[in-house]
Amino acid sequence: MLLRSIEAIMTAGFQCAGCGEWNETGVDSSAGIRQQYVEDCQVCCKPNVLQVSWDMSAGEYMISAELE
Ligand SMILES: [Zn+2]
């Protein structure tokens, strides 16, 4: 049985491109240092296209969001 390590999920956040509210999300670090995926805003439910990149100096994922 394959168990997924909890450490692989990094907590990060993005500002919704629709309503401007802050959303927290989990980035699967095993998927790489650059990722793009769509996540719905938890406030207004609009789909945000997230550009995820690893910030080496900050030691965390940076996310920019735009509407689909
Ligand atoms: Zn929103």
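Notes on the structure follow. (Residues numbered from 1 in each chain as written. Predicted model: local features only at pLDDT ≥ 70, side-chain atom pairs only at ≥ 80, totals over all residues. Heavy atoms only, no water.)

**Some remarks on the overall build of the chain**
Moving on, step 1. Helix and strand content of the chain: 0 helices and 5 strands.
Moving on, step 2. Of all intrachain contacts in the chain linking residues separated by at least 6 positions in sequence, the fraction that spans at least 24 positions is 28%. (Helix = DSSP H or I, 4+ residues; strand = E, 2+ residues; numbered from the N terminus. Contact = heavy atoms within 4.5 Å.)

**Quick look at the nonpolar core**
Moving on, step 1. Within the largest apolar cluster, 7 residues are counted, these being Ala-12, Phe-14, Val-27, Leu-50, Val-52, Tyr-61 and Ile-63.
Moving on, step 2. Secondary-structure elements contributing two or more residues to this core are strand E1 (9–15), strand E4 (47–55) and strand E5 (60–67).
Moving on, step 3. The residues touching Ala-12, leaving out its near neighbours within four places in the chain, are Asn-23, Glu-24, Thr-25, Val-27, Tyr-61 and Ile-63. (Core = buried A, V, L, I, M, F, W, Y, C linked by side-chain atoms within 4.5 Å. Buried < 20%, exposed > 50% of the residue type's maximum accessible area, 1.4 Å probe, protein only.)

**Details of the coordination of the zinc ion**
Moving on, step 1. Donor atoms from the polypeptide that coordinate the zinc ion comprise Cys-16 (SG), Cys-19 (SG), Cys-41 (SG) and Cys-44 (SG), at 2.3 Å from the metal.
Moving on, step 2. Geometry at the zinc ion is tetrahedral, judged from its 4 donor atoms and the angles of 103 to 114° they form at the metal.
Moving on, step 3. When the donors of the zinc ion are listed by position in the chain, the intervening gaps give C-x2-C-x21-C-x2-C. Here Cys-41 lies in the loop between strand E3 (34–40) and E4 and Cys-16 lies in the loop between E1 and strand E2 (22–28), a separation of 25 residues in the sequence. (Donors = N, O, S within 2.8 Å, 3.2 Å for Na, K, Ca; no water. Tetrahedral: all angles 85-135°; square planar, octahedral: opposite > 155°, others 65-115°.)

**As for the sheet that holds E5**
Moving on, step 1. What the 3 strands build is an open sheet, ordered E3-E4-E5; its pairing is antiparallel. In this open sheet, the two strands that pair with only one neighbour each are E3 and E5. Averaged over all adjacent pairs, the angle separating strand axes in this sheet is 30°, with direction ignored.
Moving on, step 2. Direction of pairing for E4 relative to E5: antiparallel, over a ladder of 8 bridges. (Pairing = 2+ DSSP bridges. Axes fitted to C-alpha atoms, helices over the stretch in contact; angles between N-to-C directions.)

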